[in-house]
Amino acid sequence: ISGAPSVFLARVEIDGGRFHALVYPGELPSGALGFNSQGVGFTLNYVGPDEAVLGGIGRAFISRELLRQPSLDAAISTATRDGQCVGHNYQLLGMGRASARSV
């Protein structure tokens, strides 16, 4: 649609938590970057694997789960969990202790 926004900033309150996320039209919040009320944030980049894992956990679910994490360490565990279907590089931010990790 001509003149329609190509990206949105969403403020979401769900399951007792709050987060902000950049949203592309037709996507779930968290497809590009986001941060939660507990000071955990992330951005991500696609890194194509040699082989996709059929039935694995999709990027949208990993990204959404990152926004539920209470700490940078918990976010690292989420981003590096086994069983993901494709590859992504996550830049994880712990805003409370001014720390960042790339996984």
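What counts, and at which threshold
- In this convention, every chain numbers its residues from 1, walking through the sequence in written order.
- Where totals are concerned, whole chains, interfaces and linings use all residues; where local detail is concerned, this predicted model gives features only for residues with pLDDT of at least 70, and gives and counts side-chain atom pairs only at 80 or more.
- Note that the side-chain values use all heavy atoms of the structure and ignore hydrogens as well as water.
- Per the convention used, a helix needs a DSSP run of H or I reaching at least four residues, while a strand needs a run of E reaching at least two, with both numbered from the N terminus.
- Note on exposure labels: buried denotes an accessible area under 20% of the residue type's maximum, exposed denotes more than 50%, and partly exposed covers the range between, all computed with a 1.4 Å probe on protein chains only.
- By the convention used here, residues are in contact when the closest approach between their heavy atoms is within 4.5 Å.
- The predictor reports its confidence for every residue as pLDDT, a score running from 0 up to 100.
- Directions drawn from the helix axis to the C-beta atoms are what define this arc.
- Residues belong to one nonpolar core when they are buried, are Ala, Val, Leu, Ile, Met, Phe, Trp, Tyr or Cys, and are joined through side-chain atoms within 4.5 Å.
- Think of it this way: DSSP has to see at least two bridges between two strands before they count as a pair.
- Axes, fitted as lines to C-alpha atoms, cover a helix only where it is in contact. Angles between the N-to-C directions of the axes lie from 0 to 180 degrees.
- By salt bridge we mean one thing: a side-chain nitrogen of Lys or Arg within 4 Å of a carboxyl oxygen of Asp or Glu.

**Observations concerning the environment of Ala-79**
- Summarising the element assignment, Ala-79 is placed in helix α2 (residues 72-79).
- Classification of Ala-79 by relative accessible area gives buried; the value is 8%.
- Put simply, Ala-79 and Val-103 are 24 residues apart on the chain and 7.2 Å apart in space, counted from C-alpha to C-alpha.
- Excluding residues within four positions of it along the chain, Ala-79 makes contact with Ile-62, Leu-66, Gln-84, Tyr-90, Leu-92 and Val-103.

**Some remarks on the confidence of the model for the protein**
- Of the residues in the protein, 98% reach a pLDDT of 70 or more, and the chain-wide mean stands at 89.
- At the level of individual helices and strands, the protein shows its lowest average pLDDT in helix α1 (residues 59-66), which scores 91, and its highest in α2, which scores 96.

**Looking at α2**
- Every buried residue of α2 is listed here: Leu-72, Ala-74, Ala-75, Thr-78 and Ala-79. When α2 is viewed along its axis, its buried side chains cluster within an angular range of 155 degrees and face the same direction.
- Where α2 is buried, its residues meet β4 (40-46), α1, β5 (88-94) and β6 (99-102).

**Section: the nonpolar core**
- Core analysis: the largest hydrophobic core is formed by 16 residues, its most contacted members being Phe-19, Phe-42, Leu-66, Ala-75, Ala-79, Tyr-90 and Leu-92.
- Each residue touching Leu-66, except ones within four places of it in the same chain, is listed here: Asn-36, Val-40, Phe-42, Ala-75, Thr-78, Ala-79, Tyr-90 and Leu-92.

**A few points about the sheet that holds strand β2 (residues 17-23)**
- Strand order in the open sheet formed by six strands is β1-β2-β3-β4-β5-β6, with antiparallel pairing between adjacent strands. Since the sheet does not close on itself, it has two edges, and those belong to β1 (8-14) and β6, each with one partner. Direction aside, neighbouring strands of the sheet carry axes that sit 15 degrees apart on average.
- Pairing of β4 with β5, which is carried by seven bridges, proceeds in the antiparallel orientation. Each bridged residue has a counterpart across the sheet, and for Leu-44 the counterpart in β5 is Tyr-90.
- The strands touched by α1 are β1, β2, β3 (33-36), β4 and β5; relative to β5, the strand with the most contacts, the crossing angle is about 5 degrees.
- In the packing of α2 onto the sheet, the strands contacted are β4, β5 and β6, and the crossing angle to β5 comes to about 170 degrees.

**Notes on the pattern of salt bridges**
- All chains considered together, the criterion is met by five salt bridges.
- A salt bridge links Glu-27 to Arg-59, with the shortest nitrogen-to-oxygen separation between them at 3.1 Å. Of the two residues, Glu-27 sits in the loop between β2 and β3 while Arg-59 sits in helix α1, which places them 32 residues apart along the sequence.
- Across the pair Arg-97 and Asp-73 runs a salt bridge, and its minimum N-O distance is 3.7 Å. With Arg-97 in the loop between β5 and β6 and Asp-73 in helix α2, this pair connects stretches of sequence that are 24 residues apart.
- Residue classification places Asp-73 among the partly exposed positions, given a relative accessible area of 46%.
- When salt bridges with common partners are traced through the structure, they connect Asp-15, Glu-65 and Arg-68 into a single cluster.

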